[in-house]
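Listed here are the chains, written in short residue letters.
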Amino acid sequence: MEIFSIKGPNKISGTVKISGSKNSALPILISSLLSKKKITLKNIPDIEDINILLKIFKLIGVKINKNKHLNINAKNIKNIPYPCKLINKIRASIWLPCVLIKKFRKIKIDLPGGCKIGERPIDLHLNVYNRLGIKFKKKKKYIKIFLKKKLHGNIIKFPKISVGATITAILISILIDKNITIVNNISIEPEVIDTINFLNKIGAKIIKVKKRKIKIIGVKKLNKGTYKIISDRIEAGTFLIASVILKSKITCLNINPKILKSILKKLKSSGANIKTGKNYITINMIKRKIKPINISTAPYPGIPTDIQAQFTVLNSIAKGKSTIKENIFKNRFNHVPELIRMGAKIKINKNVLICKGIKKLKNANITAKDLRSSASLILAATIAHGRTIIKNIQYIHRGYENIIKKFTKLGIEIKKKINEY
């Protein structure tokens, strides 16, 4: 078991370079399998979810060359039994059948994994299969997918906004040659738009019709290409919140502030002084009071669910009462019991957190239970008085590149230890 040992409270200063987006890199990597040509991807983060996906790629015959950038060639891809131990670890594996079904016509694959943050059904994905001509048999642990006839275009309208199902509809539709698919009520998260931009660059025809409506004109094949993915807005948001709670000043580099508008607006309301440029964000909280803020998670351009836990830490030490409403997942409060152990005054009422800010958190032995809860617990440990031990911290490596190095550079005393607790 991997643990972090963090001594607080700290002050931080300096710059941090934000890595490539996890939530862009995963669908873009998978969509690159639709081309038989060489694809070069820049700004790919070195994180566990990406490494797991690349292991799957190698096992199914995808050629990978990783130097400064990542080169992929799926010309000789094979339809072999998929490694369940790897498939079960990442949610992104749900998209693999989308890029392979037309070529192989019959696929059996385990159901996807990922963090346990509440119900994450695949019904919307299966509905897309039905609409586009794919048959399936869903079992408890796996799914069999068949293509008995040709794929065909159709009109799809999602009953609720879903990043995953939006990507599924796009990936299946783009190679249905001379067919048109209309997809309504899509996700417009920056990571979805990034995936669309990548696919269009290598020959897809995905046209924006309205804010949440796209038209996909099927093409015969995709081309080679080079593409730089966007940087990670959740990683940037995590470091910006760290600066606020530690009443410090830092600059996040390699990040477009436009994709963090909702987060920056809330941080400004919390008392932060913020300056932005084309590719950076500077946040200054020195000698400023932390104000409580009410949060309600929502699809983009709203507050992302992936930053809710980090904002909970901020509210735990902001003088006054605040509420945080989680509207995306039913079980995304794994961090709350651990924060309470550190002295936080938080109550859970269904999908709402009621926070009453206290002056300081205390050190404790705590346990991370998913990716974003682990990030929030690191933040909590940096402001707690004394040394905090965080167990199961391996989750953090799923979505944060060089997390220890980056926090250490900013001034946090953080150490990784193995098998001591």
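Residues numbered from 1 in each chain as written. Predicted model: local features only at pLDDT ≥ 70, side-chain atom pairs only at ≥ 80, totals over all residues. Heavy atoms only, no water.

Trainee: Describe in detail the overall build of the chain, supporting the description with residues and values.
Mentor: Scanning the chain for helices and strands turns up 13 helices and 23 strands. Counting only C-alpha atoms, the chain reaches 65 × 45 × 40 Å along its principal axes. Counting all 421 residues of the chain, 57% fall into the buried class. Of the contacts formed within the chain by residues at least 6 apart in sequence, a portion of 73% connects residues at least 24 apart. Surface accessibility of the chain: about 19,000 Å² in total, with carbon and sulfur atoms responsible for 50%. (Helix = DSSP H or I, 4+ residues; strand = E, 2+ residues; numbered from the N terminus. Buried < 20%, exposed > 50% of the residue type's maximum accessible area, 1.4 Å probe, protein only. Contact = heavy atoms within 4.5 Å. Areas by Shrake-Rupley, 256 points an atom, 1.4 Å probe, with all protein chains shown as cover.)

Trainee: Help me get a handle on a positive patch on the surface, residues and values and all.
Mentor: A surface patch of like charges, here positive, comprises Lys-36, Lys-37, Lys-38, Lys-63, Lys-75, Lys-103, Lys-178, Lys-220, Lys-221 and Lys-224. Position of Lys-224 among the secondary structure elements: in the loop between strand E12 (213-217) and strand E13 (225-228). (Patch = residues over 30% accessible without salt bridge, like charges linked within 9 Å, V, L, I, M, F, W, Y side chains within 5 Å. Salt bridge = Lys/Arg side-chain N within 4 Å of Asp/Glu carboxyl O. Lys, Arg positive; Asp, Glu negative; His and termini not counted. Charge placed at Lys NZ, Arg CZ, Asp CG, Glu CD.)

Trainee: Now, about the packing of aromatic side chains: what can you tell me, with residues and values included?
Mentor: This structure, assessed with the given rule, holds three aromatic pairs. The ring of Tyr-142 carries Lys-108 above its face, with NZ or CZ at 4.3 Å from the centroid. (Phe/Tyr/Trp six-rings, centres within 6.5 Å; stacked < 30°, edge-to-face > 60°. Lys NZ or Arg CZ within 6 Å of the ring centre and 35° of its normal.)

Trainee: Give me the side chain of Ser-35: which residues, what numbers.
Mentor: As for its placement among the helices and strands, Ser-35 is situated in the loop between helix H1 (22-31) and strand E3 (39-42). Residue Ser-35 is classed as buried on the basis of its relative accessible area, which comes to 0%. Within polar-contact distance, the side chain of Ser-35 engages the backbone nitrogen of Lys-37 at 3.0 Å. When sequence neighbours within four positions are dropped, the list of residues in contact with Ser-35 reads Ala-74, Ile-202, Leu-222, Asn-223 and Lys-224. (Polar contact = N/O pair within 3.5 Å; in protein donor to acceptor, adjacent residues only side chain to side chain.)

Trainee: Run through the packing of helix H8 (residues 233-245) against helix H10 (residues 308-316), naming residues and quoting values.
Mentor: For any two helices packed against each other, the geometry comes down to the angle between their axes and how far apart the axes lie. Two elements in contact, H8 and H10, have axes separated by 10 Å at closest approach and are oriented at 5°. By the angle between their directions, the pair H8 and H10 is classed as roughly parallel. Residues Ile-234, Thr-238, Ile-241, Val-244 and Ile-245 of H8 touch H10, and the partners they reach there are Gln-310, Phe-311, Val-313 and Leu-314. Looking at the contact of H8 with H10 residue by residue, the classes come out as seven nonpolar, two polar and no charged. (Axes fitted to C-alpha atoms, helices over the stretch in contact; angles between N-to-C directions. Parallel < 35°, antiparallel > 145°, perpendicular 65-115°, else oblique. Nonpolar A, V, L, I, M, F, W, Y, C, P; charged D, E, K, R; others polar.)

Trainee: I'd love a proper account of helix H5 (residues 123-132), names of residues and values included.
Mentor: Along H5, the residues classified as buried are Leu-124, His-125, Leu-126, Val-128, Tyr-129 and Leu-132. Elements in contact with the buried residues of H5: helix H4 (96-104), strand E7 (135-138), strand E8 (142-146), strand E9 (155-157), helix H6 (163-173) and strand E10 (180-184). Trailing H5 by a residue or two, Gly-133 shows a phi angle of about 100°, which is positive.

Trainee: Can you break down helix H2 (residues 48-59) residue by residue, with the values?
Mentor: The terminal C-alpha atoms of H2 lie 17 Å apart, and with 12 residues this matches the ideal 16 Å at 1.5 Å per residue to within 8%. Every buried residue of H2 is listed here: Asp-49, Ile-50, Ile-52, Leu-53, Leu-54, Ile-56 and Phe-57. On the buried face of H2, the contacting elements are H1, strand E4 (63-66), strand E5 (70-73), helix H3 (84-87) and H4. With its phi angle positive at about 95°, Gly-61 sits one or two positions after the end of H2. (Expected span 1.5 Å × (residues − 1).)

Trainee: Break down the pattern of salt bridges for me, citing the residues and quoting the values.
Mentor: For the coordinates displayed, the defined rule picks out 10 salt bridges. A salt bridge links Lys-22 to Asp-49, with the nearest nitrogen and oxygen atoms 3.9 Å apart. One end of the pair, Lys-22, is in helix H1; the other, Asp-49, is in helix H2, and 27 residues separate them in sequence. Overall, the relative accessible area of 9% leaves Lys-22 in the buried class. The closest approach of N and O atoms between Glu-191 and Arg-233, which form a salt bridge, is 2.7 Å. Taken as a pair, Glu-191 in helix H7 (residues 190-201) and Arg-233 in helix H8 lie far apart in primary sequence, 42 residues in all. The exposure class of Arg-233 is buried, given its relative accessible area of 5%. By sharing partners, the salt bridges in this structure join Lys-22, Asp-49 and Arg-398 into a single network.

Trainee: Quick rundown of the sheet that holds strand E14 (residues 249-253)? Include the residues and the values.
Mentor: Spatially, the four strands line up as an open sheet ordered E2-E14-E16-E15, and their pairing is mixed. Single-partner strands in this sheet number two, and they are strand E2 (13-17) and strand E15 (273-277). Neighbour-to-neighbour, the strand axes of this sheet turn through a mean angle of 15°, independent of strand direction. As judged from the five bridges shared by E15 and strand E16 (residues 280-284), these two strands associate in the antiparallel manner. (Pairing = 2+ DSSP bridges.)

By themselves these figures say nothing about function.
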